[in-house]
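The lines below spell out each chain.
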Amino acid sequence: MRRISLNVAILALISAGASSAAATSLEDLYAHSKVSSVKISPTGAHLAVRLFEDGKHSVLFLDRSTLQPTGSMQYHGESEIGNFYWANHERIIAQVYELGKGGSAPKNYGELAAANFDGSRPETVFGYRAGGGNKENENAWGNVIDPLPDNEREVLISYKRMSASMGRPPVARMLDIYTGEDGERIRSAKHAGGAFLTDGDGVVRLVYGVDENRDYHVEGLPAGAEEWVEFEGMSY
């Protein structure tokens, strides 16, 4: 299984900046030219900072009270860290992108990786390099639907099995953020290009997709209901 390693050079760069007069506040951190996003942990104790250095993105973790580094998450080679979420009080889950050639945009092949705020337990938890003998994970594209910060071990993902036509409907299920093991299968979309929406409690309430005739389909699960309701379709 491919691992994510600590980048000491980036840690030194931000640590030096955070201790200087030019970067002594959270506002200064947001304004830093290398920073593309900053997300606070559910407890408020840590910050995860996505920054651009040496032609690729990584994530640096900071203690919120001191802005001192506690760890980092980075891929070597031609991969970088994409969009990410705090999955619980100590761990983030992130998309992994492949760097584009000749200045083209990075490509997302559906890999997901996770690491703790101190850089420990880095794992590729979903995708073709995840390994672990789980062929369903290895031969699929994954995407986070809901990080479920109140769930200490799992997030809700959407995944689609690889196919030449990309015509397979996606499936929503739980994913263990530490091991990459499969969790409960929640719902399957009926059509390719489908997607899922959750409510504030992380429950899937809407599923939508487009069929081969370009008809748009939406299913809903009202609060308190046991049966899904399909709304009238529409074409576009």
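Please read all numbers here as calculations on a predicted model, not as lab measurements. (Residues numbered from 1 in each chain as written. Predicted model: local features only at pLDDT ≥ 70, side-chain atom pairs only at ≥ 80, totals over all residues. Heavy atoms only, no water.)

A. Structural context of the overall build of the protein. Each helix and strand in the protein was counted, giving 3 helices and 17 strands. Within the protein, residue pairs in contact and separated by at least 24 positions form 38% of the contacts whose partners lie at least 6 positions apart. (Helix = DSSP H or I, 4+ residues; strand = E, 2+ residues; numbered from the N terminus. Contact = heavy atoms within 4.5 Å.)

B. Representation of the environment of Gly 200. Of note, Gly 200 is situated in the loop between strand S13 (195–198) and strand S14 (204–210). C-alpha separation for the pair Gly 200 and Asp 146, spaced 54 residues apart in sequence, amounts to 9.7 Å.

C. Structural detail: the nonpolar core. Counting residues in hydrophobic clusters, the biggest one holds 15 residues, and the most contacted among them are Ile 93, Leu 112, Phe 126, Val 155, Ile 157 and Leu 175. Here this core gets 3 residues from one element, more than from any other, and that element is strand S10 (residues 154–161). Among the nonpolar cores identified, the runner-up in size contains 13 residues, and Ala 48, Met 73, Ala 94 and Ala 113 belong to it. (Core = buried A, V, L, I, M, F, W, Y, C linked by side-chain atoms within 4.5 Å. Buried < 20%, exposed > 50% of the residue type's maximum accessible area, 1.4 Å probe, protein only.)

D. Quick peek at the pattern of salt bridges. Taken as a whole and judged by the stated rule, the model has 9 salt bridges. Of the charged contacts, one joins Glu 111 and Arg 129 as a salt bridge, the two residues approaching to 2.7 Å between their closest N and O atoms. Residue Glu 111 is located in strand S7 (residues 107–116), and its partner Arg 129 is located in the loop between strand S8 (123–126) and helix H3 (135–138); the two are separated by 18 residues in the primary sequence. For the pair formed by Glu 111 and Arg 129, the shared burial category is buried. (Salt bridge = Lys/Arg side-chain N within 4 Å of Asp/Glu carboxyl O.)

E. Examining the sheet that holds strand S1 (residues 35–40) more closely. Across the sheet, which stays open at both edges, the 4 strands sit in the order S1-S2-S3-S4 with antiparallel pairing between neighbours. One side of each edge strand has no neighbouring strand; the edge strands of this open sheet are S1 and strand S4 (69–73). Across this sheet, the average inter-strand angle for adjacent strands is 20 degrees, counted without regard to direction. Bridge count between strand S3 (residues 56–63) and S4: 4 bridges; the pairing is antiparallel. Note on S4: the bridge partner recorded for Leu 60 is Ser 72. (Pairing = 2+ DSSP bridges. Axes fitted to C-alpha atoms, helices over the stretch in contact; angles between N-to-C directions.)

F. Up close: the side chain of Asn 88. Here Asn 88 shows up in the loop between strand S5 (79–86) and strand S6 (91–98). Within the structure, the side chain of Asn 88 is placed 2.9 Å from the backbone nitrogen of Glu 90, a separation counted as a polar contact. Within polar-contact distance, the side chain of Asn 88 engages the backbone oxygen of Glu 152 at 2.7 Å. (Polar contact = N/O pair within 3.5 Å; in protein donor to acceptor, adjacent residues only side chain to side chain.)

G. Broad picture of the pairing of S13. Note that S13 and S14 share 4 bridges and pair antiparallel. Pairing of Thr 198 across the sheet is with Val 204, part of S14. Between the end of S13 and the start of S14, which pair antiparallel, lie 5 residues, with Gly 202 showing a positive phi angle near 80 degrees.

H. Structural detail: the sheet that holds S10. Pairing is antiparallel across the open sheet formed by 4 strands, whose spatial order is S9-S10-S11-S12. One side of each edge strand has no neighbouring strand; the edge strands of this open sheet are strand S9 (140–146) and strand S12 (182–188). Each adjacent strand pair in this sheet contributes to an overall mean axis angle of 35 degrees, direction not counted. Across 4 bridges, the pairing between strand S11 (residues 171–176) and S12 is antiparallel. Considered in S12, the bridge of Leu 175 is made with Asp 182.

I. Expanded view of a nonpolar patch on the surface. A contiguous nonpolar surface patch, about 260 Å² in accessible area, is contributed by Tyr 109, Tyr 128 and Met 162. In this structure, Tyr 109 sits in strand S7. A residue is classified by how much of its surface remains accessible, and Tyr 109, at 34% relative accessible area, is partly exposed. (Patch = residues over 30% accessible without salt bridge, like charges linked within 9 Å, V, L, I, M, F, W, Y side chains within 5 Å. Areas by Shrake-Rupley, 256 points an atom, 1.4 Å probe, with all protein chains shown as cover.)

J. Main features of unusual backbone geometry. The backbone of Asp 54 sits at a positive phi, close to 55 degrees, despite the residue not being glycine. Counting through the fold element by element, Asp 54 comes out in the loop between strand S2 (46–53) and S3. For Asp 54, a relative accessible area of 69% corresponds to the exposed category. Residues other than glycine seldom take positive phi values, yet Arg 214 does so here, at roughly 65 degrees. Positionally, Arg 214 belongs in the loop between S14 and strand S15 (215–220).

K. Spotlight on the confidence of the model for the protein. This prediction gives the protein a mean pLDDT of 82; 79% of its residues lie at or above 70. Within the protein, helix H1 (residues 8–18) has the poorest average pLDDT of any element, 44, and S6 the best, 96. When the criterion is pLDDT under 50, residues 1–24 qualifies, and its contacts beyond four places in sequence or with other chains add up to 52 contacts. (pLDDT = per-residue confidence, 0-100.)

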